[in-house]
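Architecture at a glance
Listed below are the residues making up each chain.
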Amino acid sequence: MARSTRKPDKPVAPPVHVTVRGIAEAAGVSIGSVSSVLNNRHVERRISPETVEKVKAAAARMGYLPNIGARRLRSGVGAKPTVILALITSYEAPLSLVNHFVSGLREVAQEPGGPLGGVATMLLIEMFAAGHLQDLPGLLSGDHFNAAIITNTTTDDDAFLAAHPLPYPTVLVNRRIPGYSSVVEDAGSGVRAAEILVGMKRRKLAVLHGSPLTQITKTRIDSFMRTAQALTGVPAREIIASQLSEEAAAEAMNRFFEAGGTVDGLYTVTDGKALGAYHAIRQAGLSIPDDIAVIGVGDYDISRFFSPPLSCVGVPHSELGRSAARLLLQRLRRSDLAVERVELSFAQHLRASTGHSVAAPQVRSRNRAR
């Protein structure tokens, strides 16, 4: 679990219903102006930039959350206030990752006496094509959901987020973007993977990854490549799949073998890539771990059922999901919290794919938050 260096928050009452009238009074503007700004129609109605800023500042200060659940009903009269949480992820993300974040959000949101204090919640899964986060409806206006966890973004998506601050509580996963709170994994997992393989007397190392790269996969690759070079004196090979799927990973490995490539230690940046690699290694008439030791990332629910069971180094997706959910709901309750980054320690689960018979998790670094 993550440990924060921030002092514990003082008890705060659950979110209260903030009205358009209340925001208008606080900002010193008309109710019509507030309604136009909150519905993202201030441009067409020619609301001045100064008024827009006053409304947004007052809404943020008061912790305004639009009652989207009521908007979706035929009549909002008497509707119970509902907080809509979104998990925003790419279509290319592995389903196991999505499942863990959904479970984390549900688990934390339903905790007795939890951050939302009994307020009704609704969970949405919003998906986008990698590199096209900006095309997601409601992303900038906030009229589809009240808060969001965003994961599996590409560098283009990250650049868009950096240039367009979102108007609702947001937590990024494995992305470090100024102005956003985030949950990130310790950057040393790639280093540890190289150390494990070299410790097995493997010298022909390679890393398998897909395209496009995300911020965290690039970090894993770079740290692995640097460590492999330092420990063996030989550059590790980089095997690049055309897409992010298991099938693309298998095809990339097949091309590598067909071109005469050799490797005795393989690091895959996700467990899904490892599954594709397993298939290609067997097709090439090679065995795991005798010919090629394999180590993945993520510790998917199925990884211990691979044949042979897959060794993993990294933060389990279940932990990422729970930590991101807790941070998001804290920010929903306290709109005045400063941007926070929680860094989760990685664990290693060594199994038969690296010649180990016991899968006892071993924490290798401390959790940090700032």
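Going by the structure above, here's the rest.
Note that the structure is predicted; figures quoted are calculated from it, not measured.

The next thing to look at is the overall build of the chain. Scanning the chain for helices and strands turns up 11 helices and 14 strands. Restricting the contact set of the chain to residue pairs at least 6 apart, pairs at least 24 apart contribute 70%. On the chain, roughly 17,300 Å² of surface is accessible, and the fraction owed to carbon and sulfur atoms is 53%.

Turning to the packing of helix α9 (residues 246-258) against helix α10 (residues 271-283), a few remarks are in order. For the pair α9 and α10, interaxial distance at closest approach is 7 Å and the crossing angle is 40 degrees. Taken as axis vectors, α9 and α10 run oblique relative to one another. For the pair α9 and α10, the crossing hand works out as right-handed. Of the residues in α10, those touching α9 at E246, A249, A250, M253, N254 and F257 are G272, K273, L275, G276, A277, H279, A280, I281 and Q283.

This part is about the side chain of S33. Structurally, the position occupied by S33 is in helix α2 (residues 31-38). A distance of 2.9 Å separates polar atoms of two side chains, one belonging to S33 and the other to S30. In this structure, S33 is in contact with I47 and T51, ignoring residues within four places of it in sequence.

Okay, the packing of helix α1 (residues 20-27) against helix α3 (residues 49-62) next. Viewed as axis vectors pointing N to C, α1 and α3 meet at an angle of 115 degrees, and their least axial separation amounts to 9 Å. Judged by the twist between their axes, the crossing of α1 over α3 is right-handed. Each of G22, I23, A26 and A27 in α1 lies in contact with α3, whose residues at this interface are K54, V55, A58, A59, R61 and M62. Its residues assigned to classes, the contact of α1 with α3 comprises 7 nonpolar, 1 polar and 2 charged.

For the structure on display, the rule yields 4 aromatic pairs. Seen from their ring centres, F145 and Y168 are 5.3 Å apart, and the 85 degrees between their planes marks the pair as edge-to-face. Placement of the pair is F145 in the loop between β2 (120-128) and β3 (147-150) and Y168 in the loop between α6 (155-163) and β4 (170-173), with a sequence separation of 23 residues. For F145, a relative accessible area of 0% corresponds to the buried category. Given a relative accessible area of 8%, Y168 falls into the buried group. Judged by centre distance (5.3 Å) and plane angle (75 degrees), the rings of Y278 and F306 are edge-to-face.

Looking now at the pairing of β3. Successive side chains on a regular strand alternate, one facing one side of the sheet and the next facing the other. Burial along β3 is two-sided: A147 and I149 and A148 and I150, pointing in opposite directions, are all buried. With 4 bridges connecting them, strand β1 (residues 82-90) and β3 associate as parallel partners. Bridge pairing in β3 places A86 opposite A148. One ladder, built from 3 bridges, connects β3 with β4; its direction is parallel. Looking at the pairing, A148 lines up with T170 of β4. Where the polypeptide runs from β3 across α6 and back to β4, its parallel neighbour, the crossover connection is right-handed.

Turning to the pattern of salt bridges, a few remarks are in order. If you walk through the whole model with that rule in mind, you get 6 salt bridges. For the salt bridge of D222 with K218, the shortest nitrogen-to-oxygen distance reads 2.8 Å. Taken together, the positions of D222 and K218, both in helix α8 (residues 215-232) and 4 residues apart, correspond to about one turn of that helix. Look at D222 and you get partly exposed, because its relative accessible area is 28%. Relative accessible area serves as the criterion here: at 42%, K218 is assigned to the partly exposed category.

In this structure, F101, I149, V183, F224 and Y267 are the most contacted members of the largest nonpolar core, which totals 45 residues. Those residues within four positions of V183 in sequence are excluded, and the remaining contacts are V171, L172, V173, N174, L320, S323, A324, L327, V342 and L344. Counting residues in each nonpolar core, the second largest holds 23 residues, with L208, A252, I281 and F306 among its members.

How each quantity is defined
- Residues numbered from 1 in each chain as written.
- Predicted model: local features only at pLDDT ≥ 70, side-chain atom pairs only at ≥ 80, totals over all residues.
- Heavy atoms only, no water.
- Helix = DSSP H or I, 4+ residues; strand = E, 2+ residues; numbered from the N terminus.
- Contact = heavy atoms within 4.5 Å.
- Areas by Shrake-Rupley, 256 points an atom, 1.4 Å probe, with all protein chains shown as cover.
- Axes fitted to C-alpha atoms, helices over the stretch in contact; angles between N-to-C directions.
- Parallel < 35°, antiparallel > 145°, perpendicular 65-115°, else oblique.
- Left-handed = near helix turned anticlockwise from the far one by under 90°.
- Polar contact = N/O pair within 3.5 Å; in protein donor to acceptor, adjacent residues only side chain to side chain.
- Nonpolar A, V, L, I, M, F, W, Y, C, P; charged D, E, K, R; others polar.
- Phe/Tyr/Trp six-rings, centres within 6.5 Å; stacked < 30°, edge-to-face > 60°.
- Buried < 20%, exposed > 50% of the residue type's maximum accessible area, 1.4 Å probe, protein only.
- Pairing = 2+ DSSP bridges.
- Right-handed = clockwise from strand over helix to strand, strands pointing away.
- Salt bridge = Lys/Arg side-chain N within 4 Å of Asp/Glu carboxyl O.
- Core = buried A, V, L, I, M, F, W, Y, C linked by side-chain atoms within 4.5 Å.

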